[in-house]
Every structure is written in C-alpha cells, then in structure tokens.
Amino acid sequence: GGSVNINNVKNITIGRCIFYRNKCSVSGGAIFAISSTLVIYNSSFVQNRATYDGGAVYITHSFASLILSVNCKLNIGGKYGGAVAVMNGKYSVIKNSKILQNTGDDFGSGIFFENTLYVVVVASELARNGVTMCSGGGGYFYAVKYLKINYCKLRENKVADYTANKKCYNQIRYGGGLYMGNIV
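Presented here is an overview of the structure given in this document. For every chain, the first residue of its written sequence is number 1, and the numbers climb from 1 along that sequence. Predicted model: local features are reported for residues with pLDDT of at least 70 only, side-chain atom pairs are reported and counted for 80 or more only, and whole-chain, interface and lining totals are derived from all residues. The side-chain values count all of the structure's non-hydrogen atoms but skip hydrogen atoms and water molecules.

**Details of the packing of aromatic side chains**
Then step 1. Only Phe, Tyr and Trp rings take part, Trp by its six-membered ring, and two of them pair if their centres are within 6.5 Å. Stacked means planes under 30 degrees apart, edge-to-face means over 60, and tilted covers everything else. In total, this model carries 12 aromatic pairs according to the counting rule given.
Then step 2. An aromatic cluster is built from Tyr80, Phe107, Phe112, Tyr140, Tyr142 and Tyr179, whose rings are joined through pairwise contacts.

Below you can see the structure in the form of structure tokens.
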C-alpha cells in the first residue's frame, strides 16, 4: 500500500484518518491488507492511485472487512476497483459510505468484489464512477455467494464505449451502475 501495508494482523482498526494522494506501484493506493481482519471508519480517501487494484484500498484473503462511514473520491485503480477492491475474502460490509468519481480501467470503478463469500452494501452512495474498458462502473460483484445491497443510491455511473477493445472478452459496456456475475 502507498501509505499502509497490513500483513496477517488479526484485528486492526483505522479511524478518523485522511488518506490523500498516496500512490502504490502494485495494489492499494493508500491501504494494502492481506490475511487480516480490517475495520475502517470515519475516514476519507482522496486522489489515491494504484497501478493495479484498489485505487484507495485493496483487501485480499481477509476473514472480515468493514468499511463504515468512509468517503472515497477521485481515486484511480489501474485494473480492478477504482476505490475499493476486495478479493478472496469471507465477510465484507460497506455501510454509510460515499464512493464518488473514482475510475478504473477494467472492472468496478467504485467497488470491486471477487471470490468473496458474504458481501453487504447498505445505506451508501455510488455516484459518477466510471470504468474505461469493461464492466461495473459503480460496482462489480463476481463469484460472491451472498450479496445484499440495501438503501443505496446509484447515480451517473458509467462504462465507456470502447467497443473495439478485445481485452474484456465480450464484456464491454455491461453494468454502468452495477455488474453481477456468477452469484452462487
């Protein structure tokens, strides 16, 4: 992570912090967490950038991740998750958060979840996020066993019209707001 790297920490809480203009040449522009249980609350992530996944926050192989009352704005993820990318996790919750004006190249410019058992997004706003090549301008959910999205505001999220791009394996322009696939 450009600012914080968390590896195999049982319980960690980050609160009332501002992460501004952090940069990572791999994943997690501000925070990179692996094999950890992570809570982030009352924090802001603005103009962070990752070359690959999670422009602001990248979480992988976690037991639980809670993102509560967090603002993510103008973050850039080079591939997956312009603001937040969660992969190979068990339980993830995003609540009372604003995910605004984030960008990514491939999937899920706002939020990205893949191979995560249980995902809840509640009372949150995903707005003006845009993916430049593939699917899920506001959010991308793939191979999630349980997905619950309640009381959320989705507006003006988009997928750009790059129809000549063959990189996305026929998934171009799907889910300007949300993309959901292989929900089991």
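**Here's the deal with the sheet that holds strand E8 (residues 49-50)**
Then step 1. Spatially, E4-E8-E12-E16-E20-E24 is the arrangement adopted by the 6 strands of the open sheet, whose pairing is parallel. Every other strand in the sheet has two partners, leaving strand E4 (23-24) and strand E24 (158-159) as the edge strands with one partner each.
Then step 2. Relative to E24, strand E20 (residues 130-131) runs parallel, the two being bridged by 2 bridges. When the bridges of E24 are listed, Val131 appears paired with Val159. By definition, two strands form a pair when at least two bridges between them are found by DSSP. In this text, helices come from DSSP runs of H or I with a minimum length of four residues, and strands from runs of E with a minimum of two, each type numbered from the N-terminal end.

**Overview of the nonpolar core**
Then step 1. Ranked by internal contacts, the top residues of the largest apolar core, which has 27 residues, are Ile31, Leu38, Phe45, Val57, Val84, Ile111 and Phe113.
Then step 2. Between two residues, a contact is recorded if the distance between any of their heavy atoms is within 4.5 Å. Sequence-distant contacts of Leu38, that is, excluding residues within four places in its chain, are made with Ile6, Ile12, Ile14, Ile31, Ala33, Ile59, Ala64, Ser65 and Leu66.
Then step 3. Only buried Ala, Val, Leu, Ile, Met, Phe, Trp, Tyr and Cys residues count toward a nonpolar core, and they belong to the same one when joined by side-chain atoms within 4.5 Å. Type-normalised accessible area, obtained with a 1.4 Å probe on protein chains alone, sets the label of each residue: buried when under 20%, exposed when over 50%, and partly exposed for intermediate values. One finds Tyr80, Met133, Tyr140 and Tyr179 within the second-largest nonpolar core, a separate group that totals 11 residues.

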